Amino acid sequence: PSLRRVSTRRKLYSDFYFSNILQWLLLQERVWVQCSDRLLYTLDWATSPKHILLISPIIIMVEYSYTLRQDKVEYRHLYRPTSLSSPHHYFEFHHHHHHHHHIPHIEKLGPSEWGICAVDRDNPRTRETQEFLKKSDFTYDLITKSSDSKNELHISSIRNLVNMGEDPVAAVKQLCLPTTRICSLTITEKGYCCDVNTGDLMVDNPEIKHDLENISEPKSAIGLICSALKTRRDTGMPPITIMSCDNLPGNGHVTENAVTQFAELLDPSLREWIGENVTFPNSMVDRITPQTATAEAPIISEEFAQWVVEDKFCNGRPYWEVVDGILVVDDVMPYEKMKVRMLNGAHSALSYLSYLCGYRDVDHALAAPDVHDFVKLYLAEVAQTVPKVPGVDLPWYQGVLMERFSNPNIKDQVQRLAEDGSTKLQTTMIPVIREKTKTGKASHMLALAVAGWIRYMAGVDDFGAPIKIKDPLKETLQPLAQQALSQRDVLPFMEAAFGAKEVKKMRSFPGKVQAWYSRLLSEGPWRVLDSLDEFAFGFADFGEADDFQSNPFAERTITELVKLTYQDLHSMFETYDVDKNGYLDIDEITNLLEDFVGRCCTNGGNKIKEIYLRLLFFIFFLSHVFHRPYTLVFNHALT
C-alpha cells in the first residue's frame, strides 16, 4: 500500500483502511519504507505487538481497536546511521533555551542521532558547570514558566563539555571529529572580535593576535573555528556548518565575515576553501532566559519559544521541521529584524531608564505605568521599520512582548539587559535610527533610550549610588559619560560610541538626544517618563526638523496656532457655560469639543496636521483651566 506523507504537527492518517494495514503487518517482522533520498523509516511490528513502532514524518497509529492513540506512539528517526555531535561555543545559560531544549524533541526520533558537545572559556562558572554536569551524567533541569503555568523538563542532550581555556587542543579535536557536522555559536557580539562600526576583524585584539601566531592552541572562537577548518581541509575531511545563534542582524554574515578575514590573514588558500565549502546560515532565537545564580540551579525560561533558521547546511542537520517552535526558512531577515529591533531593542531601552528609576527586576519595572507606557511607545515607533513578517501580525507581536516582559515568574534582571550597550545598540537601534532619518519619521523614544544609556554609563545614579558598568568600551565611554554629566553635552559620547561619520548622518537625532538628556538631568527619569502622555497620541510628532519647511503645517507657526486656539476657546466658553457658573461639566465640554472640531475643519480645510495640532492645543488648555489630567480630557475628545 502507498503511504501519504502528512505534516507531523497535525494528527496523521493513512490512505488505506486500518484493518488492511494491520493484517499486512502481522505477516511481516519489519517493513522498510524509503520516502526520499535522505530519509529512511522503519515500521517494526514484531518488537511491539500492541502498536506500530513509528517513524516520523510518516506516522501510522494502529491498535487492535483501530483507534488513534498519540500516547502509544514511539518515535525512531533514522536520519543518519551513525552518532552525530554538534559542538556549541560557548556553554552559557543563554544557550540552554534553544538547542538543548529542542534536541530532546529530536531525540524522540532516535536518541543516538544528535547530541551537543559544549565548548566554553576557562572561568569559575565553566569549571563549576563542568563539575555539575559530570555529577549529573550531563543532564540538567529546565523549567519553563508563563504567567499562569509551569512545566519541568529533564534535558539530556549534552554529551560533553570542553574547557577551551584549559585544553584548546581538545576543543580543536572535537571540531575535527568525523561525527561533528555543525558548530553553533552563542558568544555575544563582542565574541566575534569585529569593529562595531566598520565590521572589520580587530587584528589588534590580543586573542586574535595570539591565534594568528599559535593557531593550534587558539583562545578566541574565531581562531578555534579556523584552526578546525584548516585541519579538516588538510586531512581531506568534509566541511562543517558554522551556525551563529547570537542576537545580531545577519549573524551568519557576521560570522562568515569574521572567519574569512581571519583565514585570509592565516592562509589565503584556506579562505578560498571556506568560501567554496563552508556555509554560515542566519538564525533568529527568541526566548527570554534569565541568568542562574549557580550551575546546579535549574534553568528558568519563559514558555514562549521561537527559533528561525536558514536552510543552508553543508553537512546535514537534524530534522527540525518536526519540532514546534522551529521554522526552517529560506530568508530569516524579516523575523530577525522583528526580534532584534523590537525585543532586544526594547530590552535595552527599558533597562537604562528602569535602572535609573530604581527598578532591578524587569517585571517590576513593567508593572510601573510610566515604564510600561514608554516601552509600548518604543515598540510602536520601532515597528514602523520592521518589514512584513510571514505569518506574524506586528501589533499582536507587540502585545505578546509586553506580556512576556511583564511575566512575574521570569525574574529577569534589569542590569543583565543593560550590559554591553556599545555593541547591542549598534544592532538594535542604529539601523532603526538610519531608516527613521531617511524617512523623516518620529524617533523620540529612540532618542530617549539613547539619552538613558548615556546617563546610565556615567556609573552613578541620581542618589549618588554607584552603578556597576559592564561594557567592552567602558574605559572609553564612561569618562565621556561623566563629562556629559558635568558639561551637559552628549555629542562627544555619541561620536565615540557610534562614530563621528555615523552621528553626522543622523541629522537632527543628536539634538533630540541632547534635549532628552538635559531633561533627565534637570527633572529626573521619573518625571521624564511621567511626561510621555503627550507622545501617546502624537502631540510631539512634528517630523524631522530638516523637513519642517516642506510640511504644509509650516504655513502656520506654533504661536499662530496657539493664539487661534485660545481665541476659539475664549469665544466658545461663555456660549457653552449654560449655567453661567464659570465651569464646564463633561457634557458641556463634549458639546464644545464637537463644535471646535467643526471649526477646525472649516478653517483648516484638508490640512489634517493643522486640525490635529489645534485640537491638541485646545485639550491642553482645557486641562490647565479645569486642573484635570489632559489624558482624561483627551479621552472625552477622542470619544
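Residues numbered from 1 in each chain as written. Predicted model: local features only at pLDDT ≥ 70, side-chain atom pairs only at ≥ 80, totals over all residues. Heavy atoms only, no water.

Details of the overall build of the chain
Turning to step 1, where the next piece is worked out: Within the chain, the regular secondary structure consists of 26 helices and 15 strands.
Turning to step 2, where the next piece is worked out: Buried residues in the chain amount to 53% of all 639 residues.
Turning to step 3, where the next piece is worked out: Sequence-distant contacts in the chain: of pairs separated by 6 or more residues, those separated by 24 or more amount to 70%.
Turning to step 4, where the next piece is worked out: When the accessible surface of the chain is totalled, it reaches about 28500 Å², and 52% of it is carbon and sulfur. (Helix = DSSP H or I, 4+ residues; strand = E, 2+ residues; numbered from the N terminus. Buried < 20%, exposed > 50% of the residue type's maximum accessible area, 1.4 Å probe, protein only. Contact = heavy atoms within 4.5 Å. Areas by Shrake-Rupley, 256 points an atom, 1.4 Å probe, with all protein chains shown as cover.)

A few points about the sheet that holds strand 13 (residues 299–302)
Turning to step 1, where the next piece is worked out: Across the sheet, which stays open at both edges, the 3 strands sit in the order 8-7-13 with mixed pairing between neighbours. The open sheet is flanked by strand 8 (150–155) and strand 13, the only strands paired with a single partner. When the angles between neighbouring strand axes are averaged without regard to direction, this sheet yields 25°.
Turning to step 2, where the next piece is worked out: Across 6 bridges, the pairing between strand 7 (residues 140–145) and strand 8 is antiparallel. Within the sheet, the bridge partner assigned to Ile-143 lies in strand 8 and is Glu-152. (Pairing = 2+ DSSP bridges. Axes fitted to C-alpha atoms, helices over the stretch in contact; angles between N-to-C directions.)

As for the packing of aromatic side chains
Turning to step 1, where the next piece is worked out: Enumeration over the complete set of coordinates arrives at 8 aromatic pairs.
Turning to step 2, where the next piece is worked out: In this structure an aromatic cluster arises from ring pairing among Trp-307, Phe-313 and Trp-320.
Turning to step 3, where the next piece is worked out: It is Arg-360 that lies over the ring of Tyr-355; its NZ or CZ is 3.6 Å from the centre. (Phe/Tyr/Trp six-rings, centres within 6.5 Å; stacked < 30°, edge-to-face > 60°. Lys NZ or Arg CZ within 6 Å of the ring centre and 35° of its normal.)

Points about the nonpolar core
Turning to step 1, where the next piece is worked out: Residues Met-342, Phe-374, Val-375, Phe-405 and Phe-498 are the most contacted members of the largest nonpolar core, which totals 78 residues.
Turning to step 2, where the next piece is worked out: In terms of residue count, helix 9 (residues 333–356) provides more of this core than any other element does, 11 residues in total.
Turning to step 3, where the next piece is worked out: Contact partners of Phe-405, with chain neighbours within four places excluded, come to Ile-288, Leu-343, Ala-346, His-347, Leu-350, Val-362, Asp-363, Leu-366 and Val-375. (Core = buried A, V, L, I, M, F, W, Y, C linked by side-chain atoms within 4.5 Å.)

Side note on the pattern of salt bridges
If the charged atoms of two oppositely charged side chains come close together, the side chains can form a pair.
Turning to step 1, where the next piece is worked out: Counted under the stated rule, the structure contains 18 salt bridges.
Turning to step 2, where the next piece is worked out: Between Lys-190 and Asp-420 there is a salt bridge, and its shortest N-O distance comes to 3.7 Å. In this pair, Lys-190 is assigned in the loop between strand 10 (182–185) and helix 5 (206–213) and Asp-420 in the loop between helix 13 (414–417) and helix 14 (421–428), connecting sequence segments 230 residues apart.
Turning to step 3, where the next piece is worked out: Here Lys-190 falls in the partly exposed class, since its relative accessible area comes to 39%.
Turning to step 4, where the next piece is worked out: A salt bridge links Arg-271 to Glu-264, with the nearest nitrogen and oxygen atoms 3.6 Å apart.
Turning to step 5, where the next piece is worked out: Members of the salt-bridge network, linked through shared partners, are Lys-230, Arg-233, Asp-234 and Asp-267. (Salt bridge = Lys/Arg side-chain N within 4 Å of Asp/Glu carboxyl O.)

Re helix 14
Turning to step 1, where the next piece is worked out: The element helix 14 is extensively covered by neighbouring structure, given that 8 of its 8 residues are classed as buried.
Turning to step 2, where the next piece is worked out: Buried within helix 14 we find Gly-421, Ser-422, Thr-423, Lys-424, Leu-425, Gln-426, Thr-427 and Thr-428.

Observations concerning the sheet that holds strand 15 (residues 326–329)
Turning to step 1, where the next piece is worked out: An order of 12-14-15 is seen for the 3 strands of this open sheet, with the pairing classed as mixed. Sheet topology places strand 12 (283–286) and strand 15 at the edges, where each strand pairs with a single neighbour. Pairwise comparison of adjacent strand axes, ignoring direction, gives a mean angle of 10° for this sheet.
Turning to step 2, where the next piece is worked out: Judged from the 4 bridges that link them, strand 14 (residues 306–310) and strand 15 form a sheet pairing that is parallel. Paired with Glu-310 across the two strands is Val-329, which belongs to strand 15.
Turning to step 3, where the next piece is worked out: The strands that helix 9 touches are strand 12, strand 14 and strand 15; relative to strand 12, the one it contacts most, it runs at about 45°.

Thoughts on the side chain of Thr-139
Turning to step 1, where the next piece is worked out: With respect to the element layout, Thr-139 can be found in the loop between helix 3 (124–135) and strand 7.
Turning to step 2, where the next piece is worked out: The exposure class assigned to Thr-139 is buried, which follows from its relative accessible area of 14%.
Turning to step 3, where the next piece is worked out: Excluding residues within four positions of it along the chain, Thr-139 makes contact with Phe-132, Leu-133, His-154, Ile-155 and Ser-156.

Quick notes on the packing of helix 16 (residues 444–456) against helix 18 (residues 491–498)
Turning to step 1, where the next piece is worked out: At a minimum axis distance of 11 Å, the contact between helix 16 and helix 18 shows a crossing angle of 95°. With respect to helix 18, the element helix 16 is oriented roughly perpendicular. Contacts between helix 16 and helix 18 involve Val-450, Trp-453 and Ile-454 from the former and Phe-493, Met-494, Ala-497 and Phe-498 from the latter.
Turning to step 2, where the next piece is worked out: Of the residues belonging to the contact of helix 16 with helix 18, the class tally is 7 nonpolar, no polar and no charged. (Parallel < 35°, antiparallel > 145°, perpendicular 65-115°, else oblique. Nonpolar A, V, L, I, M, F, W, Y, C, P; charged D, E, K, R; others polar.)

Here's the deal with the confidence of the model for the chain
Turning to step 1, where the next piece is worked out: On average, the chain scores 76 in pLDDT, and the residues at 70 or more come to 66%.
Turning to step 2, where the next piece is worked out: Per-element confidence in the chain is highest for helix 8 (residues 268–277), whose mean pLDDT is 97, and lowest for strand 4 (residues 74–75), whose mean pLDDT is 27.
Turning to step 3, where the next piece is worked out: For residues 108–112, every residue scores under 50 in pLDDT, and the model assigns this stretch 14 contacts once sequence neighbours within four places are set aside.
Turning to step 4, where the next piece is worked out: Low confidence marks residues 536–556, where pLDDT is under 50. Its contacts with residues over four positions away, or in another chain, come to 47 contacts. (pLDDT = per-residue confidence, 0-100.)

Looking at the state of the cysteines
Disulfide: a covalent bond connecting the sulfur atoms of a pair of cysteines.
Turning to step 1, where the next piece is worked out: Under the defined criterion, the tally for this structure stands at 0 disulfides.
Turning to step 2, where the next piece is worked out: No disulfide involves Cys-194; its sulfur sits 7.2 Å from the nearest other cysteine sulfur, which is in Cys-193. (Disulfide = S-S within 2.5 Å.)

Topic: the pairing of strand 10
Turning to step 1, where the next piece is worked out: Every second residue of strand 10 is oriented toward a common face, with Ile-182 and Ser-184 on one face and Cys-183 and Leu-185 on the other, all of them buried.
Turning to step 2, where the next piece is worked out: Strand direction decides the pairing type here: strand 10 and strand 11 (residues 241–244), joined by 4 bridges, are parallel. What sits directly across from Ser-184, in strand 11, is Met-243.

Details of unusual backbone geometry
In most cases, non-glycine residues show a negative phi, while peptide bonds are predominantly trans.
Turning to step 1, where the next piece is worked out: Even without being glycine, Cys-193 reaches a positive phi, approximately 55°.
Turning to step 2, where the next piece is worked out: Relative accessible area serves as the criterion here: at 3%, Cys-193 is assigned to the buried category.
Turning to step 3, where the next piece is worked out: Phi angles above zero are rare outside glycine, and Asp-420 is one such case at about 55°.
Turning to step 4, where the next piece is worked out: By relative accessible area, Asp-420 is classed as buried at 6%.

Focus on the packing of helix 9 against helix 14
Turning to step 1, where the next piece is worked out: Look at helix 9 against helix 14: their axes get within 9 Å of each other, and the N-to-C directions meet at 140°. In this view, helix 9 runs oblique relative to helix 14, as classed from their interaxial angle. In this structure, helix 9 crosses over helix 14, and the sense of that crossing is left-handed. On helix 14, the residues that touch Val-340, Arg-341, Asn-344, Gly-345, Ser-348 and Tyr-352 of helix 9 are Gly-421, Lys-424, Leu-425, Thr-427 and Thr-428.
Turning to step 2, where the next piece is worked out: Grouping the constituent residues of the contact of helix 9 with helix 14 by class yields 3 nonpolar, 6 polar and 2 charged. (Left-handed = near helix turned anticlockwise from the far one by under 90°.)

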